[in-house]
Amino acid sequence: MSTIPGLVRPAPVPNDLTKPFWDACNERRLVLQICTACESLQYPPAPRCNQCGMADKLDWREVQGKGHIDVYLVMRDSRIKGFQGAQPINFAVITLDEDPGINFLSNLPGTPPGEVPVGAPVELIFEETSTGQMVHEWQVIK
Amino acid sequence: MASDTGWMRDREGMGIWEHRGKVAVVGWGQSHMDRRWDGVTMDRSCGGLAKEACLKAIADAGLSLGDIDGLITSAETRAEQTWAPRPYFDPPFDTEDGLIKASAEWIQHEVGFKNVKYLKSDSPYIGPMMGMAAQAVGDGLCETALVWYPMVNLDGRYGHNNPQNSNQEAPGNSAFTLPWGYQAGAMFNNLVIFQQYCKKYGKSHDGLAPLCLNLRRNGLMTPWGYYAMHEPHQITTEEYLNGRLIEEPLVVYDCDRPVNTCAAFIFTTAERAKDLRQKPIYVLNHAQNNGSGRSTMATLEEHQDAVASLARKMWEGSGLGAADVDIFNPYDGYLTFTQQFLEGFQWHGVKLGEAHDFYADDIRVEGPHPFLSSGGNNGTGRTRSALFSDSLQQLRGTAGPRQVTVRAETALAGCNTPDSNGFIMFSKSPS
């Protein structure tokens, strides 16, 4: 379960394309697609490379899980049922240090709502959802 | 129209639009507007309002039902829920068609069109649909097209009855957004980009207040608009700044008000338009964006590049430039992204990072920079059509108290977001 009180995250449902990603999360690893033709990292997963269009050159590569906080907002009136009991709650965009063109979403567990240090470094953690599927999260490095 | 998107002008390098000045808009009709459908009054249902708007547009053009040979609409009515499981009504309100949408087939039957040879019920939302209609007439798929766009709002809190938002699972691509609270639609990514904009240019949310106030002012000068009809008071800066927080810093006043209404327009050939009731408003070009960002959230730079490309496509196809655009009505469904259009098209010379300063200048309709003279969706309710109808009215000279005092020979209007949209260029002159 989430470490954020009141939060019930909708659980990801893996499909043929995304199963390797979600399986890696269950092993507490973050893997991204890598196009072996143009060496571009890609997230979220897609059937073909968003940069060069190749479909048969996509592989998976584990990344370090270091990033920085780009910007954030604070959810106060979410339409999503699972978040309504956790408000106010941070919603931040994290850029990946290995490729700042790749970004992730985060609720920044451990950071009080609205007290987000923009530009601060963050590290990868994982949280469990209702089905047991793990999801990748980020927390500020103290 | 070789394919569903083959009609689009979504690439640079396509040259002058082949039908430039050969298609005109000759009619407009606006239905009654409510906050929500009451579930009882059938002529205020989606179908009832669509019929009202269509008949008004035909009358405005001075046409008869027999003149219409094209029927074009969109199923994207933003109903957010189906009418069922509530009981249906007697025919013709015995299916979702007529209650949460009004298809071309439904309107054809209910209004009684006999000469239709082109029907399209699955057009995109109104931005690209206006371009599609112009292209259909230019391509000869029909001579005179009736185009309508309902917006549907049923009872209950908007969005909260959308089944997707109560789903405890996140299938498909939503698996990479929904578990962190991302809501589908234009709000979140564009708010993220607004935060990037403020960080990059040293701006803050407060800078949107003058825009919001002026849109309400313009909206109150729009007699059929939501606020003029139902909440006729001018918002103050204090009210705006203390507005209820939705997703901080976004406040409720940044969001257009979902409403229940319909607008209709009539497109025909320039030749057919010559002897109709209204002076023709010619179409000089239409252009679309169908982009997406590289990663989970599109970025400020990606949206700025997208609108710059949209502008180049519009200038290329119309033969006009930024200085030629008199009326400018870009989408304002969330006020947090409107500056992208203002700066991307460089209307009145506004450059990147300058929009908030422009808002704080004189943007009143009687002033030198009558930005969004329509009042937009923020000032009239979430019709999306006001952007287009005001453009037509300004060029016709029939905008009443909203009539601008600057030159009104051309108008540029469109929606929705910087990366996904359709814009159209109108002109009093075909060349």
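Residues numbered from 1 in each chain as written. Chains lettered and ligands numbered in written order. Predicted model: local features only at pLDDT ≥ 70, side-chain atom pairs only at ≥ 80, totals over all residues.

Enquirer: Any chance you could break down the overall build of chain A for me, citing the residues and the numbers?
Expert: Within chain A, the secondary structure is distributed over 2 helices and 9 strands. Helices and strands in chain A line up, N terminus first, as β-α-β-β-β-β-α-β-β-β-β. What you see for chain A is a C-alpha radius of gyration of 16 Å, in line with the 14 Å of a compact globule of 142 residues. Among the 142 residues that make up chain A, the fraction classed as buried is 40%. In chain A, 54% of the contacts between residues at least 6 apart in sequence involve partners at least 24 apart. (Helix = DSSP H or I, 4+ residues; strand = E, 2+ residues; numbered from the N terminus. Rg over C-alpha atoms; globule rule 2.2 N^0.38 Å. Buried ≥ 20, exposed ≤ 12 C-beta atoms within 10 Å, placed from the backbone. Contact = placed C-beta atoms within 7 Å.)

Enquirer: Please set out unusual backbone geometry residue by residue, giving values where relevant.
Expert: All names here are of chain B. Following Ala84, the chain continues to Pro85 via a peptide bond in cis, the omega torsion being 20°. Here the bond from Cys415 into Asn416 is cis, since omega is 15°, no more than 30 degrees from zero. Note that Asn416 resides in strand E11 (residues 410-417). With phi around 50°, Leu372 is a residue other than glycine that occupies positive phi space. Note on placement: Leu372 falls in the loop between helix H11 (355-359) and helix H12 (376-380).

Enquirer: How would you explain the nonpolar core if you had to name every residue and give the values?
Expert: With 155 residues, the main nonpolar core has Ala133(B), Leu146(B) and Ile266(B) as its most contacted residues. Excluding anything up to four places from it in sequence, Ala133(B) contacts Ile72(B), Ala145(B), Val147(B) and Phe267(B). Formed by 5 residues, the second largest nonpolar core is a distinct cluster that contains Phe21(A), Trp22(A), Cys25(A) and Val135(A). (Core = buried A, V, L, I, M, F, W, Y, C linked by C-beta atoms within 7 Å.)

Enquirer: Tell me what's going on with the sheet that holds strand E1 (residues 23-30) of chain B, and back it up with residues and numbers.
Expert: All names here are of chain B. The strand order across the open sheet formed by 9 strands is E3-E2-E4-E8-E1-E9-E12-E11-E10, and the pairing between neighbours is mixed. Two strands close off the open sheet at either side, each with one partner strand: strand E3 (118-123) and strand E10 (327-330). Across the sheet, the axes of successive neighbouring strands diverge by a mean angle of 25°, strand direction being ignored. Relative to strand E12 (residues 420-427), strand E9 (residues 281-290) runs antiparallel, the two sharing 8 bridges. The residue bridging Asn289 from the neighbouring strand is Asn421, located in E12. (Pairing = 2+ DSSP bridges. Axes fitted to C-alpha atoms, helices over the stretch in contact; angles between N-to-C directions.)

Enquirer: A description of the domain arrangement of chain A should follow, citing residues and the corresponding values.
Expert: Residues and elements named next belong to chain A. Under the domain assignment used here, chain A contains domain 1 (14-63) and domain 2 (64-142). On the domain 2 side, the residues contacting the 9 residues of domain 1 number 12 residues. Looking at the side of domain 1 that touches domain 2, the element that brings in the most residues is helix H1 (residues 19-26), giving 3 residues. Split by residue class, the side of domain 1 that touches domain 2 holds 7 nonpolar, 1 polar and 1 charged. (Domains from an automatic or database assignment. Nonpolar A, V, L, I, M, F, W, Y, C, P; charged D, E, K, R; others polar.)

Enquirer: Lay out the interface of chain A and chain B with the relevant residues and their values.
Expert: The partner chain B presents 35 residues to the 37 residues of chain A that form the contact. For the side of chain A that touches chain B, the secondary structure elements donating two or more residues are strand E1 (11-12), strand E5 (66-75), helix H2 (81-84), strand E6 (89-96) and strand E7 (99-106) of chain A. Looking at the side of chain A that touches chain B element by element, the count peaks at 6 residues for E7(A). Of the residues assigned to the side of chain A that touches chain B, the class counts are 19 nonpolar, 12 polar and 6 charged. Direction of pairing for E1(A) relative to strand E5 (residues 169-170) of chain B: parallel, over a ladder of 2 bridges. Looking at the pairing, Ala11(A) lines up with Glu169(B) of E5(B).

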